[in-house]
Structures are given as C-alpha cells and as structure tokens.
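Examination of the molecular architecture
Here is how the chains run, residue by residue.
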Amino acid sequence: MIRRNILSDEGLRQRFIDGVLALKDPARFPWPGQQGLSIYDFFVAWHHQSMMLFTPPTQRDRNAAHSGPAFLPWHRYYLLRFEGYLRTAVGDPEFRLPYWDWAADAALSNPRQSRIWAGTALGRFTGPRLWQVRVVPAERGLTRLARPRPLQRALGSQGALPTREAIRAVLRDQLLYDAPPYSSASNGFRNYLEGWEGPARIHNSVHVWVGGDMTDSTSPNDPTFFLHHCNVDRIWYAWQRRYPDAPYLPAQSAPADLAFHRIDDTLYSVFRETTPVTPRSVLNPLRPGAPFRTADRYDYDSLTDLQ
Ligand SMILES: [Cu+2]
C-alpha cells in the first residue's frame, strides 16, 4: 500500500502504463452510456466539470476543486477513485499510484531530458497510435472530438519546475492550512502549494511547464496529471505530518458561500457514493473514512526530501 516514485522501479513504470491503457480502452472499461468512451475519459470529464462549477456561482475564481480550500482534499479523493480502477486494471490489490518528483528534475541541467519522458515512461503517451485525446473543453462544457487527436505537450517551453528549496520553504513557512478569503488570493499552505501565491507557483507551474493538454480544464487527458497530483498530495501529506495540530480550514460554521470547501461539505463528484466524501473523510490516507476502506489506504515511500 505504498505510493512510490515512478522512476524508482521499471516494473512500476510499466504497470502504471498498462493500467492506464486498460482504463482508456472503451472495450475493457467502458463509460456506461457513452459509446466509444472509457472510464478514463469519464475522469477527464469529472475534472473539467469541477472547474466549470464556480462556488459560489456569483464569482469567477473559486470552483468546486480549485482556487479554494477543497483543492487538496478534492484531488486526493479524485486520485483515490482513479487508483481503485487502476488496481482493478492491473489486477493487484496492493498496487498504488506512483508519483513524479518534479523537484528532482528541476535540478537537472535540462529537465526535458529526464528519464520520465523516455519512450519507456511518459513519452509513450505521445505516440499517436497508442494514445488519443477524445474529450476537450468547448465554449460551453465539454466536447467529444469526432476525430480523436494525439496528446499535446510542450515540455519546458514555458515556466519552470519548482525547486526542492521552494517546496521546503512553503512547508516551513506556511503554518496555516488556508485563510480568508479562501480563494486564489489567500495566504496559507493550500494556496502556496496550489501556486496562485508565492514565487514558485508550485502546482500550477508544473501544469504550465508540461504544457499542451496539461494546461486545460481537461488536463487529466495527459496521464502525467496523475503522477503530478500524486506528488502534490505527497507534499500535503508531509505538511500534515509536520503540523499535526493544524486543522483543515474552514470549519463547517463558515458562511454558506464557502459551500463545497468546508470540512464536512460533500466534495463535488460524478460518482454516486454510498457515503458522501468530505474533506474530513480524506484527511488521513492511512485511515480514509467511508466510503473508503482498509483496501484504499496508502502511505508514501519517502518524505525525506521534504524535510
Ligand atoms: Cu485539478
């Protein structure tokens, strides 16, 4: 039940690729009711829809999963659900999502030459015969492409990968989880990690650095998304370990315009959960709350680079 660095093990790399390819295959993992689309595409749509749902609808900043406190728990929930499918796809209940330690690549003289982009790793997905983008954002909502197209990336053409030092600085200096106005203008750990605040623009800058499909509301079209967000989740986990007494914010008593982001609010979902998933239920990966079970637990192989 350990999430590992994808570059630590060739077998892990291969199984991640195999699992993702299986989930993308409409014959093996169909999106019910959507001929020719797969569960993978369903996850792409879920992410896109979260960004279209402004919370509250009277503003254009905070949405159900970004620019607000729920950014971290929502993506943790999203990864947990994806990881469950991945386990089924690879046929191993112990399998866990790997992460991409982009700060290690930031230290390379040319991060574009990192092994992660090799043809045996994420480079595979730019092969047009292997991987096709099927759903993209449209003016209103989501469009299904009549002709699916290859995945687009523009590695390193804009932005920079966050450095180890930048991440450590945020882990050290941000003692509160979040702060009013609980938006992209907030102080606090969540907003510095999400990357609307601070010099390194941590999570956001990785989307920008990879470029192409990764910069859209349909960014999970690029499987890099899952490895990237797994590392974001690892950094949150390291912060939770470092400040075990710092509560998730805001509390449930916060005003109603913070709906979707308060600790006991239901996180935006396209799954019909038996028990609604809230920020509180995903605060501890070692003991996720219902509807997650013992089988969904995870830990990380290492946090030493974040200390
Ligand atoms: Cu996102």
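Residues numbered from 1 in each chain as written. Predicted model: local features only at pLDDT ≥ 70, side-chain atom pairs only at ≥ 80, totals over all residues. Heavy atoms only, no water.

Quick look at the side chain of Asp265
- Looking at the secondary structure, you find Asp265 in the loop between helix 8 (224-242) and strand 4 (299-300).
- Of the residues examined, Asp265 reaches a relative accessible area of 8% and is grouped as buried.
- One polar contact links Asp265 to Gln252, side chain to side chain, over a distance of 2.8 Å.
- Only 3.4 Å separates the side chain of Asp265 from the backbone nitrogen of His261, close enough to count as a polar contact.
- Non-local contacts of Asp265, meaning those with residues more than four positions away in its chain, are made with Gln252, Leu258, Ala259, Phe260, Val277, Thr278 and Pro279. (Helix = DSSP H or I, 4+ residues; strand = E, 2+ residues; numbered from the N terminus. Buried < 20%, exposed > 50% of the residue type's maximum accessible area, 1.4 Å probe, protein only. Polar contact = N/O pair within 3.5 Å; in protein donor to acceptor, adjacent residues only side chain to side chain. Contact = heavy atoms within 4.5 Å.)

What to know about helix 8
- Across its 19 residues, helix 8 extends 27 Å between first and last C-alpha, which sits within 8% of the 27 Å expected from 1.5 Å per residue.
- Most of helix 8 sits inside the fold, with 17 of its 19 residues counted as buried. (Expected span 1.5 Å × (residues − 1).)

Re the UniProt feature "domain: Tyrosinase copper-binding" (unreviewed entry) in the chain
- On the UniProt side, "domain: Tyrosinase copper-binding" (unreviewed entry) is annotated at positions that read residues 66-83 and 222-233 here.
- Within the segment residues 66-83, helix and strand shares are 72% and 0% respectively, and the terminal C-alpha atoms sit 21 Å apart.
- The distance separating the terminal C-alpha atoms of residues 222-233 is 18 Å; by composition the span is 83% helix and 0% strand. (UniProt positions renumbered as here; feature names shortened; annotations may be inferred.)

Points about the pattern of salt bridges
- Per the stated rule, a full pass over the model turns up 20 salt bridges.
- The salt bridge partner of Lys24 is Asp41, with a shortest N-O separation of 3.4 Å. Here Lys24, found in helix 1 (residues 10-24), pairs with Asp41, found in helix 2 (residues 39-52); they are 17 residues apart in sequence, far enough to count as distant. The pair formed by Lys24 and Asp41 is uniform in burial state, with each residue classed as buried.
- With a closest N to O distance of 2.9 Å, Arg234 and Asp305 form a salt bridge. Of this pair, Arg234 sits in helix 8 while Asp305 sits in the segment after strand 4, placing them 71 residues apart in sequence. Summarising the burial analysis for this pair, Arg234 and Asp305 share the class buried. (Salt bridge = Lys/Arg side-chain N within 4 Å of Asp/Glu carboxyl O.)

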